[in-house]
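# Fold and contact review
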Amino acid sequence: MANRTTAHGLTAEARSKIDGKYSIEQEIQAREWIEAIVGEKLTPGATGADNLHEALKDGKMLCKLINILAPGSVKKINDTKMAFKLMENIGNFLTAIERYGVSKTDAFQTVDLYENQNMTQVVLTIHALGRAAQKNQYAGPVLGPKESVGEKREFTEEQLRAGQNVIGLQMGSNKGANQSGQNFGKGRMIID
């Protein structure tokens with residue numbers, strides 16, 4: 001893990017904002033969901049960002065989770081203690097959840113988890129994975145609300161033509177006014 005100095009200025013402010021958004025409730029829901037699907041307890045059992053970091057930082061539990069949701073997503077789960085292998089586990093998990101349907105914008109970055117930089121985003125990613133599992137018809141435990149799907153609308157040709165004659169409210173009306181005679185600033189002169 002990288003040795004980081006104490007944050008100052010804007011970095012400290014950003015760090016405190018991120019830490020302030022952390023929700024123990026969401027963490028507990030995410031923990032219980034992972035434990036119910038994988039069938040193993042996350043260790044250590046205490047709640048909090050640092051404890052969740054310790055439980056997930058090797059990426060093994062996350063890889064097991066995605067392999068249950070989508071079998072064969074992560075081919076090899078590294079079991080060594082070498083940093084780059086553990087980060088590879090996390091990277092493989094992130095790649096697999098993107099294929100599974102989690103938006104890239106909902107996913108955390110590897111350092112967010114491995115270096116305990118943004119555990120809020122890690123929890124939010126697990127919740128996004130829970131929504132994707134429901135969307136993919138996973139029959140096991142659920143996490144969070146079901147994601148909405150767009151409603152397909154059909155319009156007749158007559159309705160489409162009628163819509164072309166309507167001026168949108170944003171356009172408004174200039175009531176015959178034009179810009180002739182208006183001069184904003186100095187005119188363009190060749191010689192000044």
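Everything quoted here is computed from the prediction, not taken from an experiment.

Another aspect to go through is the packing of aromatic side chains. The relation between two aromatic rings is expressed through the spacing of the ring centres and the mutual angle of the planes. By the definition in use, this model includes 1 aromatic pair. Both rings, one in Phe93 and one in Phe108, keep their centres 6.3 Å apart while their planes meet at 25°; by these two values the pair is stacked. Residue Phe93 is found in helix H5 (residues 83-100), and its partner Phe108 is found in the loop between H5 and helix H6 (110-114); the two are separated by 15 residues along the sequence. Judged by its relative accessible area of 4%, Phe108 falls in the buried class.

Another aspect to go through is the side chain of Ser73. With respect to the helices and strands, Ser73 occurs in the loop between helix H4 (60-69) and H5. Of note is the side chain of Ser73, whose polar atom sits 2.6 Å from the backbone oxygen of Ala70. Each residue touching Ser73, except ones within four places of it in the same chain, is listed here: Ile66, Asn67, Ala96 and Arg99.

So, on to the nonpolar core. Counting 38 residues, the largest nonpolar core has Trp33, Leu56, Ile66, Leu69, Phe93, Ile126 and Leu129 as its most contacted members. Elements supplying a minimum of two residues to this core: helix H2 (24-38), helix H3 (49-56), H4, H5, H6 and helix H7 (119-135). Of the residues forming this core, the biggest block, 8 residues, is contributed by H7.

Scoring rules and cut-offs
Residues numbered from 1 in each chain as written. Predicted model: local features only at pLDDT ≥ 70, side-chain atom pairs only at ≥ 80, totals over all residues. Heavy atoms only, no water. Phe/Tyr/Trp six-rings, centres within 6.5 Å; stacked < 30°, edge-to-face > 60°. Helix = DSSP H or I, 4+ residues; strand = E, 2+ residues; numbered from the N terminus. Buried < 20%, exposed > 50% of the residue type's maximum accessible area, 1.4 Å probe, protein only. Polar contact = N/O pair within 3.5 Å; in protein donor to acceptor, adjacent residues only side chain to side chain. Contact = heavy atoms within 4.5 Å. Core = buried A, V, L, I, M, F, W, Y, C linked by side-chain atoms within 4.5 Å.

Read these as layout, nothing more, since geometry by itself doesn't imply function.
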